[in-house]
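Commentary on secondary and tertiary structure
As a plain string of letters, each chain reads:
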Amino acid sequence: QEHPQDTSPLAARTLVLPRNRALLPRPKNLTKVWFEQIAFPRAARAIGADVALVPYFAPPLRPSVPTVVTIHDLIPLLLPAYRGTPLVRLYTWLVSTAAPQASAVIADSEYTRRDIIRHLHIPEDRVHVIYLAASEHFQPVTEAAQLEAVRRKYGLPDRYLLYLGGFDIRKNLATLLRAYALLRAGHTILPPLVVAGRLPDRDTTFAPDPHRLAREAGLDPAAVMFTGPVDECDKPALYTAASVFVFLSLCEGFGLPPLEAMACGVPVIAANTSSLPEVVGDAALLVPPEDVRAVADAMFKLLHDADRRAELRQRGLQRASGFTWEKTAQQTLAILEASYTERT
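Residues numbered from 1 in each chain as written. Predicted model: local features only at pLDDT ≥ 70, side-chain atom pairs only at ≥ 80, totals over all residues. Heavy atoms only, no water.

Quick word on the overall build of the chain
- Counting its secondary structure elements, the chain contains 13 helices and ten strands.
- Taking 20 Å as the expected radius of gyration for a compact globule of 344 residues, we find that the chain reaches 22 Å, a close match to that expectation.
- Each of the three principal axes of the chain carries a C-alpha extent, and together these read 65 × 45 × 40 Å.
- Per-residue burial over the chain gives 48% buried out of 344 residues.
- When contacts within the chain are restricted to residue pairs at least 6 apart in sequence, long-range pairs at least 24 apart make up 66% of them.
- Seen as two clouds, the 37 positive and the 36 negative side-chain charges of the chain have centres 6 Å apart. (Helix = DSSP H or I, 4+ residues; strand = E, 2+ residues; numbered from the N terminus. Rg over C-alpha atoms; globule rule 2.2 N^0.38 Å. Buried < 20%, exposed > 50% of the residue type's maximum accessible area, 1.4 Å probe, protein only. Contact = heavy atoms within 4.5 Å. Lys, Arg positive; Asp, Glu negative; His and termini not counted. Charge placed at Lys NZ, Arg CZ, Asp CG, Glu CD.)

This is the structure we're talking about:
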């Protein structure tokens, strides 16, 4: 794709390679590794690429041109529950061994950068932090009709606390449910907790059934509402209409949901671990994610302090505005150009 108006060194030589399945081997479960380790480096060399970008943790062990790789997190390497089958562990070993061969590594946060330096043994000057951003459609919804339509679609009340995110074990939904149960035990008049998103197909150690977790927390079925899958176009209204958004994940390479919530003007309670303090800054209440009492106290504080909610709403909007995909793209291009320049 040519960009004649752009004078950057790489502007006229940027190509996106199609994934030609006819050239990939079988069985199917080897297709991914073949593409990443053989087909992609060959194609980069064949077209005379000056630099290659691998936007996820899959660098080639023997890069044919200077290669920049984005590593969003090291969760499969560091958390036992995410290490998977022997084949998954072998793949993690492969890409971990290949990562030091990259000309530069991009991390989503300082937290992930430190992990990469420590565990992959890559020199500090080759690992760079470039933050992600919420999509542009995440902004406060001001049209009452749109908010009401989303409320009707998902059966939402006028006021509610919100969780929106995954349901694997590190998302720590069990602590949120126990904290909410503790809060209800002392304060019967509370808005319900809305748990949004597609629930696990089955109850496992890796992805516990939220219905079971709610029962075990002693919560009445009417106290917790499960929306099921949420259409992407409905998420801004879902965030906007919430009184408080709570996100207690134990480990995140970046953590988009709190940023999306802040961009929509909802006060946020977030875990004080991993990358989340970097994302929310002073625009959210930070809590120890496994301290049930602290989480319950934070929810009570925000639900009953309108001034504090208004303050966090404004801080969150300001904080979220500092993360943009344009900035992410510009910083990524700078790393690519630096890798190209070092080669020449």
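Following the structure, the description resumes.
Focus: empty space enclosed by the protein
- Within this structure, the stated rule accounts for one cavity of 30 Å³ or more.
- Volume-wise, the largest cavity comes out at about 30 Å³.
- Along the walls of the largest cavity sit Phe-40, Pro-41, Ala-44, Ala-52, Pro-60, Pro-63, Ser-64, Val-65 and Thr-67, which together make up its complete lining.
- Looking at the lining of the largest cavity, the element that brings in the most residues is helix α1 (residues 31-46), giving three residues.
- Across the lining of the largest cavity, the residue classes break down as seven nonpolar, two polar and no charged. (1 Å grid on protein atoms, 1.4 Å probe; cavity = no way out; pocket = protein on both sides within 12 Å on 5 of 7 lines; lining within 4 Å. Points joined across faces, edges and corners; volume = space filled by probe spheres on them. Nonpolar A, V, L, I, M, F, W, Y, C, P; charged D, E, K, R; others polar.)

A closer look at the packing of aromatic side chains
- Throughout the structure, instances matching the rule amount to ten aromatic pairs.
- Between Tyr-82 and Phe-206, the ring centres sit 4.8 Å apart and the planes meet at 70°, which makes this aromatic pair edge-to-face. Highlighted residues: Tyr-82 in the loop between α2 (75-78) and α3 (86-98) and Phe-206 in the loop between β6 (193-196) and α7 (210-216), separated in sequence by 124 residues.
- Ring plane angle 15° and centroid distance 6.2 Å describe the contact between Phe-245 and Phe-247, whose orientation is recorded as stacked. For the pair shown, Phe-245 and Phe-247 are each scored as buried.
- Grouped by ring-pair contacts, the aromatic residues Phe-138, Tyr-163, Phe-167, Tyr-239, Phe-245 and Phe-247 constitute a single cluster. (Phe/Tyr/Trp six-rings, centres within 6.5 Å; stacked < 30°, edge-to-face > 60°.)

Looking at the pairing of strand β9 (residues 268-271)
- Judged by which residues are buried, β9 turns out to be covered on both faces: Val-268 and Ala-270 on one side and Ile-269 and Ala-271 on the other are all buried.
- Two elements, strand β8 (residues 244-247) and β9, share three bridges in a ladder whose sense is parallel. Bridge pairing in β9 links Phe-247 to Ala-270.
- With helix α9 (residues 256-263) bridging β8 and its parallel neighbour β9, the resulting β-α-β unit is right-handed.
- Judged from the three bridges that link them, β9 and strand β10 (residues 285-287) form a sheet pairing that is parallel. From the neighbouring strand, Ala-271 faces β10, where its bridge partner is Val-287. (Pairing = 2+ DSSP bridges. Right-handed = clockwise from strand over helix to strand, strands pointing away.)

A look at the sheet that holds β9
- Spatially, the six strands line up as an open sheet ordered β7-β6-β5-β8-β9-β10, and their pairing is parallel. The sheet terminates laterally at β7 (224-228) and β10, the two strands that pair on one side only. Ignoring strand direction, the axes of neighbouring strands in this sheet form an average angle of 25°.
- For strand β5 (residues 161-164) and β8, the ladder comprises two bridges, and the chain directions are parallel. Among the inter-strand pairings, Leu-162 is bridged to a residue of β8, identified as Phe-245. (Axes fitted to C-alpha atoms, helices over the stretch in contact; angles between N-to-C directions.)

Thoughts on the sheet that holds strand β1 (residues 52-54)
- Pairing is parallel across the open sheet formed by four strands, whose spatial order is β1-β2-β3-β4. With one partner strand each, in any of the chains shown, β1 and β4 (127-129) form the two edges of the open sheet. Across this sheet, the average inter-strand angle for adjacent strands is 25°, counted without regard to direction.
- Direction of pairing for β1 relative to strand β2 (residues 67-71): parallel, over a ladder of three bridges. If you follow Val-54 over to β2, its bridge partner there is Val-69.
- Running at roughly 170° to β4, helix α4 (residues 110-120) makes contact with β2, β3 (104-107) and β4 of the sheet.

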